[in-house]
Amino acid sequence: QAQLAESGGGTVQAGGSLKLSCVNSGRAFSTSHTAWFRQVPGKEREFVAAISWSGGQTYDDSVKGRFTISRDNGEKTVYLQMNSLKVEDTAIYYCAVDTYRSLTPPRSTQGYGAWGQGTQVTVYS
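Concerning the packing of aromatic side chains
At step 1: Tallying each qualifying case throughout the model produces four aromatic pairs.
At step 2: Taking the centre distance of 5.5 Å and the plane angle of 75 degrees together, the rings of F37 and Y112 count as edge-to-face. Residue F37 is located in strand 4 (residues 34-39), and its partner Y112 is located in the loop between strand 9 (91-97) and strand 10 (114-115); the two are separated by 75 residues in the primary sequence. We note that F37, like Y112, is buried.
At step 3: Centroid distance Y112 to W115: 6.3 Å. Interplanar angle 70 degrees. Geometry classified as edge-to-face.
At step 4: Classification of Y112 by relative accessible area gives buried; the value is 4%.
At step 5: We note K19 situated over the ring of Y79; from NZ or CZ to the ring centre the distance is 4.6 Å.

Cut-offs used in this document
Residues numbered from 1 in each chain as written. Predicted model: local features only at pLDDT ≥ 70, side-chain atom pairs only at ≥ 80, totals over all residues. Heavy atoms only, no water. Phe/Tyr/Trp six-rings, centres within 6.5 Å; stacked < 30°, edge-to-face > 60°. Helix = DSSP H or I, 4+ residues; strand = E, 2+ residues; numbered from the N terminus. Buried < 20%, exposed > 50% of the residue type's maximum accessible area, 1.4 Å probe, protein only. Lys NZ or Arg CZ within 6 Å of the ring centre and 35° of its normal.

Listed below in structure tokens is the structure:
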């Protein structure tokens with residue numbers, strides 16, 4: 001069972017950068033898809049980016065070209081490098097692992113069976 005811990009959140013001025021980390025202390029990290037989602041109060045959790053077990057990346061259009069997802073199988077960690085941050089990127093960011101063995105990383109929260117506790121990202125103008 002995957003156990004996830006996010007870190008790296010913080011407060012940054014618009015245009016700045018942050019790098020989030022998600023450590024997976026469970027088994028089968030190298031064969032699992034991992035994704036980042038984000039959520040603001042009163043809204044549904046939304047897809048940000050995902051990386052397949054083989055390294056393929058997908059992004060929501062709102063972050064494409066600004067965010068980069070990557071993985072280090074040796075460290076059992078998935079990263080989200082966030083550049084050119086905007087005020088609208090403010091949210092709690094969650095990492096999630098696909099425990100259902102999907103062929104490709106899902107873009108829906110229902111596709112993920114393990115979640116971290118979240119890390120707050122705040123961008124001010």
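Alright, that's what it looks like, and here's the rest.
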